[in-house]
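As a plain string of letters, each chain reads:
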Amino acid sequence: MTDLRIPRDGADLAVDRPSGARPIAVYAHGMSSSRRFDDESGIFDWTPVDGDDRELVRFDARGHGESTGRPVPADYIWTALADDLLAVIDAVSPEEPVDAIGASMGSAAILWAVLRAPHRFRRLVLSLTPTAWETRAGHSSGYLSTATLLENEGLEALFAMVSAMPPPPIITAGGWSTEPRPPAVDVSLLPSVMRGAAQSDLPDVESVTHITHPTLLLPWDTDAGHPVSTAQRLAELLPDATLEIATEPDHVRGWGARAARFLGA
């Protein structure tokens, strides 16, 4: 089935075309990933969410995968990605609220989108919530330096840098590939994507306390880019949150089934 294409300012979003027969759960992937990238990595499997009572709809964020984009850092700030997410929801479920599943950047976009249009959401599943608040500044500076490295020395320099960094132990333990892969973003856009991320943060803590939607938080441990501390803080702030920390690969492999149970509640 061909993708649904959603025109946006500076981008054209590629979205799974829904059947229209079931309520929708929308999935938003992480930075430099895509629908195809997730499938090929084999780490995340959200297909159990797609069942008789719910349809899983995935899309490629602007500049990622099959979606187009432009080299404008402001396009990739999380608040802008939240607006894209709301446009996707309006296209695939114009009348009914959706469930939303996110990973990393996708989880951040969901939080911003929920604050802007809470009535468009029912339940939330937020995996791998990224650095935020007091842990954000150091990570943002890394994005800026990496963007400059890409522009000056190209993708091979990025591969060399990534190869020198040990992956989260849970990835190695799970037997998933740790070989650097080309990101699901064209190299001409990747510096702008990184600079947009560097300018981003989660909503302030006071705003987060106003998100009343039932939320399942799924961090994994030993990953500095997605620290457990962010999920723990969100669990304290969100009025209706469930926190489940993955400490072994089988926990991660079970996230799809866990999300399906949570969304079916």
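What comes next is a walk through the structure.

Reading the values: rules and limits
- Residues numbered from 1 in each chain as written.
- Predicted model: local features only at pLDDT ≥ 70, side-chain atom pairs only at ≥ 80, totals over all residues.
- Heavy atoms only, no water.
- Helix = DSSP H or I, 4+ residues; strand = E, 2+ residues; numbered from the N terminus.
- Rg over C-alpha atoms; globule rule 2.2 N^0.38 Å.
- Buried < 20%, exposed > 50% of the residue type's maximum accessible area, 1.4 Å probe, protein only.
- Contact = heavy atoms within 4.5 Å.
- Areas by Shrake-Rupley, 256 points an atom, 1.4 Å probe, with all protein chains shown as cover.
- Phe/Tyr/Trp six-rings, centres within 6.5 Å; stacked < 30°, edge-to-face > 60°.
- Lys NZ or Arg CZ within 6 Å of the ring centre and 35° of its normal.
- Polar contact = N/O pair within 3.5 Å; in protein donor to acceptor, adjacent residues only side chain to side chain.

This paragraph deals with the overall build of the protein chain. Counting secondary structure elements, the protein chain contains 11 helices and eight strands. At 17 Å, the protein chain has a C-alpha radius of gyration in line with the 18 Å of a compact globule built from 265 residues. With the principal axes as the frame, the protein chain shows a C-alpha extent of 50 × 40 × 35 Å. The burial tally for the protein chain puts 53% of its 265 residues in the buried class. Looking at the protein chain alone, contacts between residues at least 24 apart form 78% of all its contacts between residues at least 6 apart. As displayed, the protein chain has an accessible area near 11,400 Å², and 53% of this comes from carbon and sulfur atoms.

What follows covers the packing of aromatic side chains. Each pair of aromatic rings is reported with the distance of its centres and the angle of its planes. A full pass over the atoms with the stated rule returns five aromatic pairs. When the ring of Tyr27 is compared with that of Trp46, the centres are 5.9 Å apart and the planes differ by 35°; the resulting orientation is tilted. Remark: Trp46 occurs in the loop between α1 (35–41) and β4 (55–60) and Tyr27 occurs in strand β3 (residues 24–28); sequence separation between them is 19 residues. The two residues Tyr27 and Trp46 agree in class, both being buried. Members of the aromatic cluster, connected to one another through ring pairs, are Tyr27, Phe44, Trp46, Trp220 and Trp255. Between the NZ or CZ atom of Arg181 and the centre of the ring of Phe37, over which it lies, the distance is 3.9 Å.

With respect to the element layout, Ser192 can be found in helix α7 (residues 190–198). Setting aside its immediate chain neighbours within four residues, Ser192 contacts Pro71, Val72, Pro73 and Tyr76.

Here we come to the environment of Asp99. Examined against the element boundaries, Asp99 turns out to sit in strand β5 (residues 98–103). Residue Asp99 is classed as buried on the basis of its relative accessible area of 3%. Not counting residues up to four positions away in its chain, the partners in contact with Asp99 are Ile24, Ala25, Val26, Arg54, Arg122, Arg123 and Leu263. Within the structure, Asp99 has its side chain in polar contact with the side chain of Arg122 (distance 2.9 Å). A polar side-chain atom of Asp99 sits 3.1 Å from the main-chain amide nitrogen of Arg123.

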